[in-house]
Amino acid sequence: MKKEEFEQLLSEKARIIEELQVELEETNQGIIALTMELEQLEQEKLREHIDVIKQLQIELADTNKGLLALAVELEQSEEKYSSILKNAAESILTFNDEGKIKTTNPAAALLFDYSEDELLGMNINRLIPEWNRIKFEFNEDEKIAQYAGASFVFGTKRYGDTFQIEFTLGRPIFANKRQWLLIIRDITERKKAEEGLRLMGKIFHGSTDAIVITNINSKIIDANESFSTITGYEKEVVIGKNPTFLFSHKHNAQFYFHLRRTLVKSGAWSGEVWTKRKNDEIYPIWLSLYSVKDENNATTHFVGIFSDITTRKAAENQLKQLAHYDPLTGLPNRTQFTERLKWTIEVAHRDNQQAALMFLDLDRFKLINDTLGHQAGDQLLIEVAKRMTDCVREVDTVSRLAGDEFTIILNNVKSPEEAGQVSKKILEAFKIPIQLEGRDVFASTSIGITLYPNDGTTANQLIKNADTAMYHAKERGRNNFQYFSHSMNQKVLDELEMETNLRQALKNNEFSLNYQPQFDLKNRKMIGLEVLLRWKHPVLGMIPPAVFIPHAEKSDLIITIGEWVLKTACEKSMAWQAQGLPSVRIAVNLSGMQLKQHDLIERVKRILHDTKLPSELLELELTEGVLMDNAEMTISTLNELKNMGIRLSIDDFGTGYSSLSYLKRFPIDTLKIDQSFVRDITTNEDDNAIAATIISMAHNLRLKVIAEGVETKEQLDILYDKSCDEVQGYYFSHPLDETRLCSLLAGLRN
Ligand code: C2E
Ligand code: CA
Ligand code: CA
């Protein structure tokens with residue numbers, strides 16, 4: 001039962017009771033009057049009245065009881081009703097046809113910023129902004145309310161602030177009357193959230209940065225259009241995948257581990273990463289990663305935002321390139337090299353690894369520049385840089401420090417031999433001629449190797465040691481590699497002493513000569529001998545010429561020593577002839593320093609004159625490099641020597657840059673194929689082919705060819721097959737002292 005009905009009923013009853021009471025009163029008064037009459041009237045009639053009264057009294061009491069029950073019921077239902085209103089989250093308002101608010105609740109009061117009392121009786125339109133007001137168009141039958149505004153409906157607060165609402169409007173019947181019932185929800189927050197989402201969507205789809213979202217298990221759940229543009233992968237293909245398919249080999253597992261740890265720990269990570277496109281192209285991105293957390297601070301998603309920084313990186317690299325790279329070869333320059341070396345040391349130290357530093361200096365590079373020009377020199381540097389790079393792993397660093405100086409850092413070498421292997425590979429790679437200005441030019445290099453931590457633990461130490469080792473390689477006749485060792489270091493410290501020692505040697509007659517016979521390959525007859533210098537130090541014993549001659553060449557001692565060798569050799573030859581031994585041609589090594597002497601011709605003339613050796617019995621050996629060094633002057637000197645009747649040969653042929661055709665300009669008689677080719681002629685096809693080429697081309701140029709270092713019959717046979725003219729080597733004879741040589745010569749007489 002509705003309250004209003006109840007009230008009506010209640011007043012109805014109350015009125016009946018009132019009427020009954022009035023009646024009762026009247027009846028009572030009537031009774032008194034009647035009583036008096038009754039004394040005269042019959043007893044029965046009185047009784048009748050009393051019964052009626054009693055009955056009425058009972059009725060009245062019943063009615064009161066019912067009323068009480070109804071009142072309790074009413075109170076309870078009111079309570080229920082108002083508790084719903086009170087606790088409703090929605091604002092609930094009822095108003096009449098005039099718009100006058102009849103009922104309200106706390107939510108409505110709170111929403112509109114009025115008290116409930118203030119709202120009661122207020123016109124509903126005060127709660128709606130003017131431009132959005134409800135226009136009540138009452139059709140008597142249906143009574144429909146319409147909003148003047150568009151679909152967005154706003155409420156207005158006490159001070160005019162508007163906010164978005166969602167509502168339900170109805171016309172239920174209350175107290176026998178139709179009333180307007182308005183239920184309102186504030187949707188400002190929801191709208192804001194929707195707006196935020198819409199904005200997010202716009203950003204997600206419109207961003208030129210790639211955006212990719214993964215779930216907690218690192219499976220991609222969404223990616224935007226830019227993601228596809230940058231990576232080349234369509235969204236449909238990547239959904240459900242782990243983004244690892246974008247990784248490039250440029251970072252190791254440790255890198256990704258560290259990245260993930262930072263992300264999980266701090267909720268964000270950003271940095272430069274090399275990734276892979278669908279077409280396998282490796283390119284750099286700037287990547288920002290975030291973890292998305294729920295209200296319990298538990299990670300639910302990861303978001304990755306990245307941009308392709310190839311162009312930026314390229315510009316950056318160009319700058320870096322200029323500062324850190326050699327523009328000619330594209331290799332790291334000294335600055336970059338030093339940085340990388342320090343880094344290598346750090347890593348090796350941390351990981352307990354060995355590393356190697358190699359110093360490479362091209363042999364006789366100056367010669368190329370001087371003879372073929374700088375452009376050819378540049379070409380050569382580019383080519384050798386490429387060959388060096390091809391010989392090392394990607395983790396190693398080849399740098400160009402200056403001119404023809406290169407370095408190689410080998411990271412994480414397992415043993416010192418590894419550096420030797422690389423060196424061998426490089427020396428081998430250099431054996432292929434380089435085409436320069438239409439000529440075949442041979443390059444070679446001397447390599448010094450030092451090891452971390454054995455030889456040194458700082459960059460400076462290693463650089464110094466590798467440099468020292470490289471010089472050692474030069475001393476060893478170039479085109480080879482040498483390790484740095486402390487004994488070697490000591491040797492260098494002793495260099496100054498060496499000069500003093502050499503001077504002493506001259507004075508004290510510590511030098512002597514050995515003679516190595518040379519043979520005609522066809523008839524196996526001895527046709528000459530090479531004069532080889534020997535030094536017996538009073539304390540150190542025999543010191544090989546490969547060790548002391550480079551020292552002698554650093555000072556002008558080699559000139560004095562060389563002159564002593566030439567003079568002594570001529571004297572000896574004449575002495576042997578005087579003894580009746582057959583005369584053979586003597587070949588004397590001539591140092592580059594000697595060739596540069598301005599009075600070399602006079603000196604040689606004087607010696608020949610003094611010793612009376614026929615000039616045709618004298619041959620001078622000059623190395624390829626010495627010949628090329630200042631070619632013009634050399635040619636005129638050689639021509640003069642040649643005119644004197646002296647034979648000329650090119651020693652160690654094949655190790656330098658010269659091409660055979662270039663040698664046409666020099667008045668030469670013989671080419672000496674370098675030992676290194678002969679050594680491997682039986683096993684190495686290249687060496688075999690080079691030897692064959694040298695021989696046939698030399699013959700075309702009408703030059704004789706002698707092979708040195710022939711140690712085995714196999715080598716000899718091959719050389720014979722290739723029509724080599726002469727040979728020299730342990731197979732026939734080691735270098736001999738004077739006594740042994742004389743007995744050999746004596747044998748020839750018979
Ligand atoms: P080189 O002119 O190439 O001399 C040949 C070297 O090869 C000699 O070493 C000789 O002993 C060695 N040899 C000869 N046959 C064989 C063989 O079958 N197998 C091997 N493995 N080696 C063989 P040596 O005497 O130690 O001389 C080394 C270098 O010292 C010479 O190389 C030369 O460049 C220089 N040299 C020696 N004597 C003189 C000299 O009087 N004046 C100058 N300027 N340099 C000299
Ligand atoms: Ca020689
Ligand atoms: Ca030689």
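As a reminder, the structure under discussion sits directly above these lines.
Within every chain, residues take consecutive numbers counted from 1 along the sequence as written. Chain labels run from A onward and ligand labels from 1 onward, assigned in the order the entries are written. Under the rules for a predicted model, residues below a pLDDT of 70 receive no local features and side-chain atom pairs below 80 are neither given nor counted, while totals for whole chains, interfaces and linings still include all residues. Hydrogens and water are ignored here; the side-chain numbers use all heavy atoms of the structure.

Quick rundown of the pairing of strand β10 (residues 210–215)? Include the residues and the values.
Buried residues dominate β10, accounting for five of its six residues. Two strands pair if DSSP finds at least two bridges between them. Numbering of helices and strands runs from the N terminus; a helix is a DSSP stretch of H or I covering at least four residues, while a strand is a stretch of E covering at least two. Where β10 meets strand β14 (residues 299–308), six bridges bridge the pair, whose relative direction is antiparallel. Counted as the bridge partner of Ile-211 is Ile-305 from β14. Where β10 and strand β11 (residues 220–223) come together, three bridges link them in antiparallel fashion. Of the residues in β11, the one forming a bridge with Val-212 is Ala-223. Adjacent in sequence and paired antiparallel, β10 and β11 are bridged by four residues, among which Ser-218 carries a positive phi angle near 60°. Buried, partly exposed and exposed residues are distinguished by accessible area as a fraction of the type maximum, computed with a 1.4 Å probe on protein chains only: under 20%, between the cut-offs, and over 50%, respectively.

I'd like a rundown of the site of ligand 1, residues and numbers included.
In the region of ligand 1, 20 residues are neighbours, and Gln-516, Arg-534, Gln-675, Glu-711 and Tyr-730 sit closest. In this structure, a nitrogen atom belonging to ligand 1 sits 3.1 Å away from a main-chain N or O atom of Leu-533. The separation between a nitrogen atom of ligand 1 and a polar side-chain atom of Glu-711 is 2.6 Å. Computed by Shrake-Rupley with a 1.4 Å probe, the accessible areas treat only the displayed protein chains as cover when residues are assessed. Protein coverage of the free-state accessible area of ligand 1, which is 780 Å², stands at 82%. Taken together, the elements giving at least two residues each to the shell around ligand 1 come down to β23 (526–537), α17 (545–554) and β27 (647–653). Of the residues forming the shell around ligand 1, the biggest block, four residues, is contributed by β23. For this purpose, a residue is taken to be near a molecule or strand whenever a single non-hydrogen atom of the residue falls within 4 Å of it. We call two N or O atoms a polar contact when they sit within 3.5 Å, provided that within protein one can donate a hydrogen and the other can accept it, with sequence-adjacent residues counted only if both atoms are side-chain atoms.

Can you tell me about the side chain of Asp-725, naming the residues and giving the values?
Within the fold, Asp-725 resides in the loop between α26 (713–721) and β30 (726–728). When charges are tallied, Lys and Arg are placed among the positive residues and Asp and Glu among the negative ones, while His and the ends of the chain are skipped. The term salt bridge refers to a side-chain nitrogen of Lys or Arg lying within 4 Å of a carboxyl oxygen of Asp or Glu. Among buried charged residues, Asp-725 stands out as having no salt bridge; its nearest opposite-charge side chain is Lys-704, 4.8 Å away. A distance of 3.0 Å separates polar atoms of two side chains, one belonging to Asp-725 and the other to His-699. Looking at Asp-725, its side chain comes within polar contact range of the main-chain nitrogen of Val-705, at 2.7 Å.

An account of the environment of Lys-704 is needed here, citing residue identities and associated values.
Secondary-structure assignment places Lys-704 in strand β29 (residues 704–708). Residue class for Lys-704 comes out partly exposed when judged on its relative accessible area of 38%. Distance in space between the C-alpha atoms of Lys-704 and Ile-668 is 9.2 Å, their sequence separation being 36 residues. Any pair of residues with heavy atoms lying within 4.5 Å of one another is described as a contacting pair. For Lys-704, the residues in contact, after removing those within four places along its chain, are Asp-669, Thr-670, Leu-671, Asp-725 and Glu-726.

Describe the pattern of salt bridges, naming the residues involved and giving the relevant values.
Summed over the entire model, instances satisfying the criterion amount to 32 salt bridges. In this structure, Glu-272 engages Lys-313 in a salt bridge whose closest nitrogen and oxygen atoms are separated by 2.5 Å. Separated by 41 residues along the polypeptide, Glu-272 in strand β12 (residues 268–276) and Lys-313 in helix α9 (residues 310–324) bring together distant segments of the chain. In this structure, the salt-bridge partner of Asp-361 is Lys-474, at a minimum N-O distance of 3.1 Å. With Asp-361 in strand β15 (residues 354–362) and Lys-474 in helix α14 (residues 459–475), this pair connects stretches of sequence that are 113 residues apart. Relative accessible area serves as the criterion here: at 12%, Asp-361 is assigned to the buried category. If you follow the salt bridges from partner to partner, you end up with Glu-530, Glu-621, Lys-672 and Glu-708 in one network.

I'd love a proper account of the coordination of the calcium ion (ligand 2), names of residues and values included.
Perfect tetrahedral coordination of a metal by four donors corresponds to 109.5 degrees between them, and perfect octahedral coordination by six donors corresponds to 90 or 180 degrees. In the first shell of the calcium ion (ligand 2), the protein supplies Glu-530 (OE), Asn-589 (OD1), Glu-621 (OE) and Asp-651 (OD), at 2.1 to 2.3 Å from the metal. Note that water is not among the atoms considered, so a metal site may appear incomplete; the donors listed are N, O and S atoms within 2.8 Å of the metal, with 3.2 Å applied to Na, K and Ca. Here the donor residues of the calcium ion (ligand 2) share one chain and are spaced in sequence as E-x58-N-x31-E-x29-D. Taken as a pair, the calcium ion (ligand 2) and the calcium ion (ligand 3) show a spacing of 4.0 Å, with Asp-651 coordinating each metal. One end of the pair, Asn-589, is in strand β25 (residues 585–589); the other, Glu-621, is in strand β26 (residues 618–623), with 32 residues separating them in the sequence. Classification of Asn-589 by relative accessible area gives partly exposed; the value is 29%. With a relative accessible area of 1%, Glu-621 lands in the buried category.

Can you tell me about the layout of surface pockets, naming the residues and giving the values?
To find leftover empty space, a probe the size of one water molecule is rolled over the atoms. A cavity, in this analysis, means grid points on a 1 Å lattice covering only the protein atoms where a 1.4 Å probe fits yet has no way out; a pocket is instead an open set bounded by protein on both sides within 12 Å along at least five of seven lines, and a residue lines either one if it has an atom within 4 Å of a point. Grid points are joined across faces, edges and corners, and a volume is the space filled by probe spheres set on the points. Volume-wise, the second largest pocket comes out at about 1,400 Å³. Along its surface, the second largest pocket is lined by 30 residues, and Lys-250, Arg-340, Trp-343, Glu-394 and Val-395 are the ones closest to its centre. Among the secondary structure elements, those contributing two or more residues to the lining of the second largest pocket are α9, α10 (334–351) and β17 (405–413). No other element matches the ten residues that α10 contributes to the lining of the second largest pocket. Residues that form the lining of the second largest pocket fall into these classes: seven nonpolar, 13 polar and ten charged. All the domain ranges listed were derived from an automatic or database domain assignment. When residues of the lining of the second largest pocket are sorted by domain, at least three fall in each of domain 3 (205–314) and domain 4 (332–484). Residue polarity is assigned by list, with Asp, Glu, Lys and Arg as charged and Ala, Val, Leu, Ile, Met, Phe, Trp, Tyr, Cys and Pro as nonpolar; anything else, Gly included, falls into the polar class.

Can you tell me about the sheet that holds strand β16 (residues 397–402), naming the residues and giving the values?
On the basis of which strands lie adjacent, the open sheet formed by five strands has the order β16-β17-β15-β20-β21 and mixed pairing. Each having just a single partner strand, β16 and β21 (481–483) make up the two edges of the open sheet. Strand-to-strand, the axes of this sheet are offset by a mean angle of 20°, without reference to chain direction. In the sheet, β15 pairs with strand β20 (residues 445–452) via eight bridges, with the strands oriented antiparallel. Bridging across to β20, Leu-357 finds its partner in Thr-450. As a rule, the C-alpha atoms of each element are fitted with a line to give its axis, helices using only the stretch in contact, and angles between N-to-C directions run from 0 to 180 degrees. Along the sheet face, helix α13 (residues 416–429) touches β15, β17, β20 and β21 and points at about 165° away from the line of β20.

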